[in-house]
Amino acid sequence: MSNVCFLAGGDVCVSGHDSGPVFEEQPSSLIYPEGLTEGKVILSCQARASPAASYRWLVNGTEVPLGLDLRYTLVAGSLVISSPESVRDTGSYQCLAINRCGTIVSKAASVKFGYLNDFPTDSRSPQTAYEGAGTFLACRPPPHYPALSYRWFINEFPNFLKNEKSDGRWFVSQVTGNLYLAKAEQNDTGNYFCFTTINMDISSKSTFSRPNQLTVLSDANPRKSTPSIKVRFPAETYRLAGQTAQLECFAYGNPVPKLRWRKVDGLLPAKSGSSVEGPTLTLPDLSFDDEGIYECEAYNSQGSDAYQGRISVQAQPQWLQVMSDSEVEISSELLWSCIAAGKPKPSVRWLRNGQSISTQDRVEVNGARLKISNLALEDSGMYQCVAENKHGTIYSSAELRVQVQAPDFRLNPVRKLIPAARGGQVKIECRPRAAPKPSLFWSRGTELLTNSSRVTVAPDGVLSILNISRADEGKYTCFAENYLGKANSTGHLSVRDATKITLAPSNADINQGENVSLQCHAAHDPTMDLSFSWNLNGVMLDLEDSAGPYHRIEGKENIGDLIILNAQLSQAGVYMCTAQTVVDSASAVAKLVVRGPPGPPGGLLVKNVAETSVELRWSRGYDNHSPIGKYVIRGRWALSSQWRQMRTEPSNIEGNAESARVIGLMPWMDYEFQVIASNILGSGEPSMASHTVRTQQAAPTVAPSGLGGGGGDRHELIITWTPMAREYQNGDGFGYILAFKRTEAPTWTTLKIPHVDSSRYVYYNDSLSPYSPFVVKIRAYNCRGEGPFSQIAVVHSAEEEPTLGTTGHQRHSSERL
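Residues numbered from 1 in each chain as written. Predicted model: local features only at pLDDT ≥ 70, side-chain atom pairs only at ≥ 80, totals over all residues. Heavy atoms only, no water.

(A) Fine view of the overall build of the protein. Counting secondary structure elements, the protein contains 2 helices and 75 strands. Taken over C-alpha atoms, the radius of gyration comes to 49 Å for the protein, far larger than the 28 Å a tight globule of 817 residues would show. Each principal axis of the C-alpha atoms in the protein carries an extent, and together these give about 135 × 120 × 40 Å. Buried residues in the protein amount to 43% of all 817 residues. The long-range fraction of contacts in the protein, counting pairs at least 24 apart against all pairs at least 6 apart in sequence, stands at 66%. Summing over all exposed atoms, the protein offers an accessible surface of approximately 41900 Å²; the carbon and sulfur share of this is 49%. (Helix = DSSP H or I, 4+ residues; strand = E, 2+ residues; numbered from the N terminus. Rg over C-alpha atoms; globule rule 2.2 N^0.38 Å. Buried < 20%, exposed > 50% of the residue type's maximum accessible area, 1.4 Å probe, protein only. Contact = heavy atoms within 4.5 Å. Areas by Shrake-Rupley, 256 points an atom, 1.4 Å probe, with all protein chains shown as cover.)

(B) Spatial organisation of a negative patch on the surface. A cluster of acidic residues, Asp542, Glu544, Asp545 and Glu554, forms a negative patch at the surface. Tracing the backbone through its elements, the reader meets Asp542 in the loop between strand S53 (539–540) and strand S54 (550–552). Judged by relative accessible area, Asp542 falls into the partly exposed class, the value being 48%. (Patch = residues over 30% accessible without salt bridge, like charges linked within 9 Å, V, L, I, M, F, W, Y side chains within 5 Å. Salt bridge = Lys/Arg side-chain N within 4 Å of Asp/Glu carboxyl O. Lys, Arg positive; Asp, Glu negative; His and termini not counted. Charge placed at Lys NZ, Arg CZ, Asp CG, Glu CD.)

(C) Structural detail: the UniProt feature "domain: Fibronectin type-III" (unreviewed entry) in the protein. With numbering matched to this structure, UniProt assigns "domain: Fibronectin type-III" (unreviewed entry) to residues 600–698 and 703–800. For residues 703–800, the end-to-end C-alpha separation is 32 Å, with 0% helix and 42% strand making up the annotated structure. (UniProt positions renumbered as here; feature names shortened; annotations may be inferred.)

(D) Molecular detail of the environment of His492. Mapped onto the elements of the fold, His492 is located in strand S47 (residues 485–496). On the basis of relative accessible area, His492 is assigned to the partly exposed category, the value being 33%. Between the alpha carbons of His492 and Lys416 there is a distance of 5.8 Å; along the sequence they are 76 residues apart. With residues near it in sequence (within four places) discarded, His492 still touches Arg415, Lys416, Leu417, Ile418, Gly474 and Lys475.

(E) Molecular detail of the packing of aromatic side chains. Applying the stated criterion across every chain yields a total of 27 aromatic pairs. A ring pair is formed by Trp336 and Tyr383, whose centres lie 5.4 Å apart and whose planes are at 70 degrees; its orientation type is edge-to-face. Pair noted here: Trp336 is in strand S30 (residues 334–337) and Tyr383 is in strand S36 (residues 381–389), with a separation of 47 residues, a long-range link. Chaining the aromatic ring pairs together yields one cluster made of Phe153, Phe157, Phe160, Phe193, Phe195 and Phe208. Stacked on the ring of Trp748, the Lys or Arg Lys777 has its end atom at 4.3 Å from the ring centre. Positioned over the ring face of Phe789 is Lys777, at 4.5 Å from the centre of the ring. (Phe/Tyr/Trp six-rings, centres within 6.5 Å; stacked < 30°, edge-to-face > 60°. Lys NZ or Arg CZ within 6 Å of the ring centre and 35° of its normal.)

(F) Region of interest: unusual backbone geometry. In the segment running from Phe157 into Pro158, the intervening peptide bond is cis, with an omega of 0 degrees. Here Pro158 is to be found in the loop between strand S15 (148–154) and helix H2 (161–164). In this structure, Pro344 follows Lys343 across a cis peptide bond, with omega equal to 0 degrees. Position of Pro344 relative to the elements: it lies in the loop between strand S31 (339–343) and strand S32 (347–352). Unusually for a residue other than glycine, Ala76 sits at a positive phi of about 55 degrees.

(G) Up close: the environment of Asp472. In this fold, Asp472 is placed in the loop between strand S45 (463–465) and strand S46 (474–482). The spatial distance from the C-alpha of Asp472 to the C-alpha of Ala420 is 9.8 Å, given a sequence separation of 52 residues. Residues contacting Asp472, with those up to four places away along its chain left out, are Arg444, Arg454, Ile465, Asn467, Leu493 and Val495.

(H) Broad picture of the side chain of Ser312. Within the secondary structure layout, Ser312 lies in strand S28 (residues 303–321). For Ser312, a relative accessible area of 11% puts it in the buried group. Each residue touching Ser312, except ones within four places of it in the same chain, is listed here: Glu236, Thr237, Tyr238, Arg239 and Glu291.

(I) Region of the structure containing the state of the cysteines. For the structure shown, the criterion picks out 7 disulfides. Here Cys249 is linked by a disulfide to Cys296, with a sulfur-sulfur distance of 1.9 Å. Between Cys249 and Cys296, the S-S torsion sits near -70 degrees, and that sign places the bridge as left-handed. In this pair, Cys249 is assigned in the loop between strand S23 (245–248) and strand S24 (250–254) and Cys296 in strand S27 (residues 292–300), connecting sequence segments 47 residues apart. In this structure, Cys249 and Cys296 share a single accessibility class: buried. Disulfide partner of Cys430: Cys478, at an S-S distance of 1.9 Å. In this structure the cystine formed by Cys430 and Cys478 twists about its S-S bond by roughly -75 degrees; its chirality is therefore left-handed. One end of the pair, Cys430, is in the loop between strand S40 (426–428) and strand S41 (433–435); the other, Cys478, is in strand S46, and 48 residues separate them in sequence. Overall, the relative accessible area of 0% leaves Cys478 in the buried class. (Disulfide = S-S within 2.5 Å.)

(J) Broad picture of the pattern of salt bridges. Enumeration according to the criterion identifies 31 salt bridges in this entry. Across the salt bridge formed by Arg431 and Glu429, the nearest N and O atoms sit 3.5 Å from each other. Exposure remark for Arg431: the relative accessible area of 36% places this residue in the partly exposed category. Residue class for Glu429 comes out partly exposed when judged on its relative accessible area of 47%. The network of salt bridges with shared partners includes Arg169, Lys183, Glu185 and Asp188.

(K) Quick peek at a nonpolar patch on the surface. Taken together, Leu377, Val404, Tyr483 and Leu484 make up a surface patch of nonpolar side chains, about 390 Å² in accessible area. Relative to the helices and strands, Tyr483 resides in the loop between S46 and S47. A residue is classified by how much of its surface remains accessible, and Tyr483, at 59% relative accessible area, is exposed.

(L) Broad picture of the sheet that holds S47. Spatially, the 5 strands line up as an open sheet ordered S39-S47-S46-S42-S43, and their pairing is mixed. The open sheet is flanked by strand S39 (417–421) and strand S43 (447–448), the only strands paired with a single partner. Alignment of strand S42 (residues 439–444) against S46, held across 6 bridges, turns out to be antiparallel. When the bridges of S46 are listed, Ser443 appears paired with Thr477. (Pairing = 2+ DSSP bridges.)

This is how it looks when you write it as structure tokens:
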């Protein structure tokens with residue numbers, strides 16, 4: 001490129017009006033069909049620029065002879081090549097966009113020519129294979145560019161194998177084009193043709209081979225064979241991130257082998273889909289996570305064969321950081337960085353107006369960093385950083401403008417009136433436009449100011465005056481000078497009375513829900529407005545919200561009292577009142593204590609769980625400035641969502657306690673607990689609920705109720721009771737023990753009914769007389785033991801005729817003895 005001059009001569013880039021070129025469209029690589037001589041190749045290029053850009057083109061680093069060779073024409077910025085030819089026009093093309101602010105170079109676009117020759121007309125040798133054996137037919141494609149896709153048809157076009165065979169015996173490699181047959185059968189005899197297709201940007205072309213004659217010889221007893229992998233993917237496959245990888249694997253064998261894939265060093269990516277059980281493993285949109293060793297296994301009833309290879313994922317360059325357009329004053333320093341990611345790691349080089357730059361004189365190029373010291377006007381222009389690795393090249397552009405200007409205060413003069421408070425301080429800025437940076441100094445009247453204990457002139461031109469008095473009033477002028485000229489600007493310093501707090505707020509101590517007033521009065525210079533603001537613990541309060549708790553007393557300008565209505569615990573803290581004018585401010589603070597009910601206890605734990613009691617432990621919460629007097633424990637259980645106060649030991653829990661025992665609980669029941677603290681101002685928020693605990697199991701303590709019965713069919717005794725509720729069961733393995741006897745009998749008949757929901761028992765006996773009296777009693781049992789018997793009830797057997805409503809069809813829920 002160094003032999004081509006890209007700068008437009010004579011014109012000057014006007015700051016604030018012109019702009020260098022920025023690409024909006026760049027050329028793309030293409031493959032053109034060889035021999036299509038009447039066509040055209042179009043390489044796009046369009047740039048935004050002011051004034052409009054002109055364009056030039058390079059091919060393989062040499063300028064395209066626009067205007068000299070009529071085959072080349074420029075349409076806007078795009079290059080049109082008429083009647084393209086492989087010998088003359090193959091190459092790498094770049095577009096240059098140029099205006100008086102500079103030149104930029106586009107990314108490179110390759111023009112290549114695609115072709116597919118015909119297959120040779122020579123006959124192909126016939127092939128034979130035995131039934132049950134594997135074989136392959138070679139495609140031997142003709143010369144071509146780019147890669148081909150392959151299909152095979154049998155006997156006549158378009159009898160393609162893909163459509164004819166679906167039993168997994170056939171495979172067409174898209175790498176070699178060869179046709180593989182895992183296990184030959186007699187009906188496979190025929191003529192096979194390799195059909196190849198090439199796809200280019202504007203057309204496609206296909207051709208097919210001479211016939212490959214295959215004869216399959218019969219075998220009365222085809223031999224079984226273990227799989228043997230014949231199509232293998234490369235031991236190392238390189239692909240770019242975002243691309244698709246396809247690994248091929250195919251095996252001979254009898255029976256026809258099945259195929260499965262796995263990733264040796266991890267899980268197969270889900271995106272591989274159904275291809276994990278086919279001859280081609282497809283991995284779309286590759287990422288670095290997909291790197292690793294992949295294995296293909298072929299297996300049948302006779303055995304298996306396996307093969308492994310690695311996929312390595314690499315990446316084209318991508319920008320992580322680029323430079324941006326910069327306006328920099330003359331004689332200063334420029335530092336630009338361009339950082340790119342990629343695999344392998346990209347190298348970075350730099351261009352100025354399309355030409356390479358390297359370290360020399362004031363320029364230092366250090367890989368991804370460009371540094372230019374003591375900037376001069378000729379450093380202005382278009383800069384590009386170029387990142388490249390073997391997979392691609394990317395460009396980033398920016399414009400550098402080196403400014404030069406005499407000092408000028410028109411856009412940013414010194415303030416005309418500068419108020420300041422007595423005893424306070426003031427800073428007066430001096431910021432003229434100038435390039436290079438000007439020398440700055442100040443005067444008061446005719447007196448040149450120098451640094452002292454009260455007066456400081458900073459390097460950036462800011463004048464500071466401390467402990468101001470009336471004597472400091474007057475005119476102050478800033479002077480600026482560089483080698484291009486001088487300028488000055490003047491302001492008037494006016495000294496005002498300082499703002500002071502005359503009545504500061506006092507500390508206050510109140511109970512939650514009460515109102516409080518915090519006073520704040522101030523004195524200030526009457527020529528200025530005074531405003532008040534308040535903050536709590538450093539956070540500004542909203543005094544405009546009429547529905548909020550904070551209100552200002554309206555009235556005299558120098559009174560800023562704050563009223564807090566219905567004070568809450570969250571409103572305790574340090575309040576600061578600030579009285580402020582445009583020149584100064586004064587502040588005072590007061591502490592507000594809000595006393596209230598205690599906060600929630602913390603760290604509630606349940607310990608020592610027994611049948612009817614548990615132990616609770618907790619830690620104290622905030623007492624909110626009033627000592628905790630006592631604690632109350634509440635609980636709820638699985639059958640009730642309501643919190644209820646629990647019985648405890650001790651019954652009254654003192655305020656210094658941190659544990660207690662809850663008693664009177666039901667065995668085998670799920671409970672949650674919470675603790676509430678109280679003081680003389682009320683009860684606080686409950687603690688967080690404990691985790692749910694289940695009390696220990698115990699034998700039942702009460703007997704079932706509602707014992708009775710009667711009625712039923714002839715020769716029956718029906719006994720009924722009310723099933724026991726969950727809270728009385730006390731354990732699992734729950735059931736009932738029923739005892740009954742004739743009133744005159746000496747012994748009881750007892751039996752177990754192991755169903756918690758049972759409510760009825762039917763006793764049947766052929767010798768049972770109608771309406772015979774029986775005495776019955778019932779008790780409950782569970783895995784921990786038996787409960788007490790109920791009181792005895794008298795029940796009569798059935799009368800002679802069935803009682804209404806207790807017919808035999810009810811026996812589905814009964815038992816007979």
